[in-house]
Amino acid sequence: MFEIKNNELFIDQCSTIELAKKYDTPLYVYSENKIVENLKEIKDAFINKYPNTHAAYACKAFCTLYMCKLMEQEGFWLDVVSGGELYTAIKAGFPMEHIEFNGNNKTRAELELALDNNIGRIVVDNVSELYFLEKLCVEKNTTTKILFRITPNVSADTHEYITTGKKDSKFGIPLDDEIVYPAIKYAIDSEVFDFLGFHFHVGSQLHDNSTHVAALEVILNLLKDTKEKFGYDVKDFNMGGGFGIKYTDADKPIPISEFVDPVMEKLISFCEENNLKMPAVSMEPGRFIVGEAGIQLYTIGNIKEIPGIRTYAAVDGGMTDNVRPGLYGAKYEGLIANKAEEEKDATVYISGKCCESTDIIIKDFKCPQPEFGDILAVFSTGAYGYSMANNYNKNPIPAVVVVKDGESKLIVKRQSYDDMIMNEVL
Ligand SMILES: Cc1ncc(COP(=O)(O)O)c(C=O)c1O
Ligand SMILES: N[C@@H](CCCC[NH3+])C(=O)O
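Note that the structure is predicted; figures quoted are calculated from it, not measured. Within any chain, residue numbers begin from 1 and follow the written order of that chain's sequence. To label them, take the chains in the order written and letter them from A, then take the ligands in the order written and number them from 1. Note on the predicted model: pLDDT of at least 70 is required for a residue's local features to be given, and 80 or more for side-chain atom pairs to be given and counted; whole-chain, interface and lining totals, by contrast, use all residues. Side-chain numbers here rest on the full set of heavy atoms in the structure, without hydrogens or water.

1. Section: the UniProt feature "binding site: pyridoxal 5'-phosphate" (unreviewed entry) in the protein
Where we set the bar: UniProt positions are given in the numbering used here, feature names are shortened, and annotations may be inferred rather than shown by experiment. Secondary structure is summarised from DSSP: a helix means a run of H or I of at least four residues, a strand means a run of E of at least two, and numbering begins at the N terminus for each. Contacts: residue pairs with any heavy atoms within 4.5 Å of one another. Using a 1.4 Å probe on the protein chains alone, a residue whose accessible area is under 20% of its type maximum counts as buried, one over 50% counts as exposed, and one in between counts as partly exposed.
Summarizing the sequence annotation, UniProt attributes the feature "binding site: pyridoxal 5'-phosphate" (unreviewed entry) to G242, E284, P285, G286, R287 and Y384 in the numbering used throughout. Within the fold, G286 resides in the loop between β12 (280-283) and α10 (287-290). Excluding residues that lie within four positions of it along the chain, G286 makes contacts with Y57, A58 and A61. For Y384, the position within the fold is in the loop between β18 (375-378) and β19 (399-404). Taking relative accessible area as the criterion, Y384 reaches 14% and is therefore assigned buried. Beyond its immediate sequence surroundings of up to four residues, Y384 is in contact with K60, A61, R287 and R324.

Quick look at the structure:
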């Protein structure tokens, strides 16, 4: 994906310096080949290896018309979490039967959009949603397939802000007998639901499989109990996403197969031993698919030296285009793309341009002496960068470009000042 030629960084045979000139900075750049390579790992380790499986791209990581199209071409489903994401998929012509809808508080309008478009399945996040969704289906004289998102009471080894499987979580149906079993019975008996089964998502940026394996135990018991208590064979099980990627050398991601194999082996043998029908199995990774496939390009502006303390090199973007360092203390690596082969004899803080002291993109960044006008590339910014971008300080959201085999294509135009005030009224 990366090459260095004549002191310049190239991505998929495109010079990052030329990309910065052509499209301006800040700029999001994605390697299509890398996305496809990541999808291939999921196909090899999961979809093509085990029968009756599918993977949905959790498009919250990077939701654009382009990604919807690519996922369709590659045979992936989509996991959406809002009306806006669903609308993007609709506009991209994505097959509605391959969409699943997650979220802890889907609004009436969002659920109506889902029902009106006959999407593949709705992941019911709490009991209150179960009743509300049933009411909507009755009103509309329609039916829908549903899964239950279960909170499996497991703690993932990741940043507290991105763990989601703990008992005290806003996500999922709590694992209390008096809540979960009546809900299952209600869903099975309802005339408007086709109750498919269970879903969990335990957290994000995980580097080991123990949380998935622990959460599976909970699901296995539910499969057995659902059969024993209600005579019902669970048809589907979704193991969520969360597969970690490499941001810095401190990250040691494991292959997808190390998440999938223990889960599948255990599930298959449990179903055999307990005489249960093997359910269809799915997953919904986001970060893994796009994270390492994306980089960001910035232009370095002012350099501020504080003698005896440190040097700040400021870039023309910041927490508006990548909120993760400010929000989670996330760490990134980068390279001065026009000085790619030069000795790294300086250590600086790369600061953003927003009016917040936490707007620091990389701390203790080792680089050649930075200068006004240098182009900075920040790696592994493909997930939750563009999708969490915002207009703080009325900074426009940058453009997005896809590169492939030496060619580049604009897939999202840079916001203009007019775009930002378009919906305002004097
Ligand atoms: C329900 C659900 N599914 C899938 C994902 C995708 O997670 P990741 O990008 O870590 O694979 C998330 C986000 O963490 C999620 O909340
Ligand atoms: N947005 C988060 C992860 C949350 C994923 C959605 N549950 C991140 O950047 O790491």
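Once the structure has been displayed, the description carries forward.
2. Overview of the pairing of β18
Stated formally: When DSSP finds two or more bridges between two strands, those strands count as paired.
Every second residue of β18 is oriented toward a common face, with I375 and A377 on one face and L376 and V378 on the other, all of them buried. Here four bridges tie strand β13 (residues 294-306) to β18, and the two strands are oriented antiparallel to one another. Residue pairing for β18: L297 is matched across the bridge by A377. Pairing geometry for strand β15 (residues 334-336) and β18, over three bridges, is antiparallel. When the bridges of β18 are listed, L335 appears paired with A377.

3. Overview of the confidence of the model for the protein
The line we're drawing: Each residue carries a pLDDT value, the predictor's own confidence for that position, ranging from 0 to 100.
Scored by pLDDT, the protein comes out at a mean of 97, with 98% of its residues at no less than 70. The complex prediction reports pTM at 0.97, with the ipTM value standing at 0.98.

4. Notes on helix α6 (residues 127-140)
In plain terms, the rule: By this rule, a helix spans an expected 1.5 Å times one less than how many residues it contains. Arc definition: it is the arc formed by the directions from the helix axis to the C-beta atoms.
Between the first and last C-alpha of α6 there are 20 Å, a value that for 14 residues agrees with the 20 Å anticipated at 1.5 Å per step. Among all positions in α6, only E129, L130, L133, E134, L136 and C137 are buried. All buried residues of α6 lie within an arc of 165° about the axis, which places them on one face of the element. More than 90 degrees from the buried face of α6, the exposed residues found are S128 and V138. Tucked inside the fold, the buried residues of α6 contact α5 (108-116), β8 (121-124), β9 (144-149), α7 (177-189) and β10 (193-199).

5. Description of the environment of V323
Along the chain, the position of V323 falls in the loop between β14 (310-315) and α11 (324-328). Residue V323 is classed as buried on the basis of its relative accessible area of 15%. A sequence separation of 241 residues divides V323 from S82, and the C-alpha atoms of the two residues are 20 Å apart.

6. Focus: the nonpolar core
As a reminder of what qualifies: Throughout, nonpolar core names a set of buried Ala, Val, Leu, Ile, Met, Phe, Trp, Tyr and Cys residues whose side chains join them through atoms within 4.5 Å.
Core analysis: the biggest nonpolar cluster contains 92 residues, and I35, M71, F148 and I289 have the highest contact counts within it. Looking at which element gives the most residues to this core, the answer is helix α9 (residues 256-273), with eight residues. Ignoring anything within four residues of it in the chain, the contact list for I35 reads Y30, Y66, M67, L70, M71, I289, V290 and A293. In this structure, L9, L19, L27 and F379 belong to the second largest nonpolar core, which totals 20 residues.

7. So, the site of ligand 2
To keep things clear, this is the line we draw: Throughout, near means a residue has at least one heavy atom within 4 Å of the molecule or strand. Pairs of N or O atoms are called polar contacts if they sit within 3.5 Å, as long as, within protein, a hydrogen donor faces a hydrogen acceptor (for residues adjacent in sequence, only side-chain-to-side-chain pairs). Under the convention used here, a 1.4 Å probe and the Shrake-Rupley method define accessible areas, while residue burial counts only the protein chains that appear.
Around ligand 2 sit seven residues, and of these R287, R324, Y328, Y384 and M388 come closest. Here R324 contributes a side-chain N or O atom positioned 2.5 Å from an oxygen atom of ligand 2. One nitrogen or oxygen atom from the side chain of Y328 is found 2.9 Å from a nitrogen atom belonging to ligand 2. Across the complex, the protein chains shield 84% of the 310 Å² of accessible surface that ligand 2 would expose by itself.

8. Some words on unusual backbone geometry
In this structure, P26 follows T25 across a cis peptide bond, with omega equal to -10°. Of note, P26 is situated in the loop between α1 (16-23) and β4 (27-31). For N153, which is not a glycine, the phi torsion comes out positive at approximately 60°. Within the element layout of this structure, N153 appears in the loop between β9 and α7. Overall, N153 belongs to the partly exposed group, its relative accessible area being 34%.

9. Comments concerning the site of ligand 1
Heads up, the condition is: Residues are sorted three ways: Asp, Glu, Lys and Arg are charged, Ala, Val, Leu, Ile, Met, Phe, Trp, Tyr, Cys and Pro are nonpolar, and all the rest, Gly among them, are polar.
The environment of ligand 1 is formed by 15 residues, the closest being H201, S204, E284, R287 and Y384. Separating an oxygen atom of ligand 1 from a side-chain N or O atom of K60 is a distance of 3.1 Å. E284 has a polar side-chain atom sitting 2.7 Å from a nitrogen atom of ligand 1. Here ligand 1, which alone exposes 390 Å², has 93% of that area covered by the protein. Across the shell around ligand 1, the residue classes tally to three nonpolar, seven polar and five charged.

10. Let's talk about a negative patch on the surface
Counted only if it meets this: In this scheme, patches are assembled from residues that exceed 30% relative accessible area and form no salt bridge. Like charges are connected within 9 Å, while nonpolar side chains (Val, Leu, Ile, Met, Phe, Trp, Tyr) are connected within 5 Å. Any Lys or Arg side-chain nitrogen located within 4 Å of an Asp or Glu carboxyl oxygen qualifies as a salt bridge. Charged residues are defined narrowly, with Lys and Arg counted positive, Asp and Glu counted negative, and His plus the chain ends left uncounted. Note on charges: their place is set at NZ of Lys, CZ of Arg, CG of Asp or CD of Glu.
Taken together, E341, E342, E343 and D345 make up a surface patch of like negative charges. Its location among the elements puts D345 in the loop between β15 and β16 (346-351).

11. Some thoughts on the environment of K404
Counting through the fold element by element, K404 comes out in strand β19. For K404, a relative accessible area of 36% corresponds to the partly exposed category. Taking the C-alpha atoms as reference, K404 lies 7.7 Å from Q13; in sequence the two are 391 residues apart.

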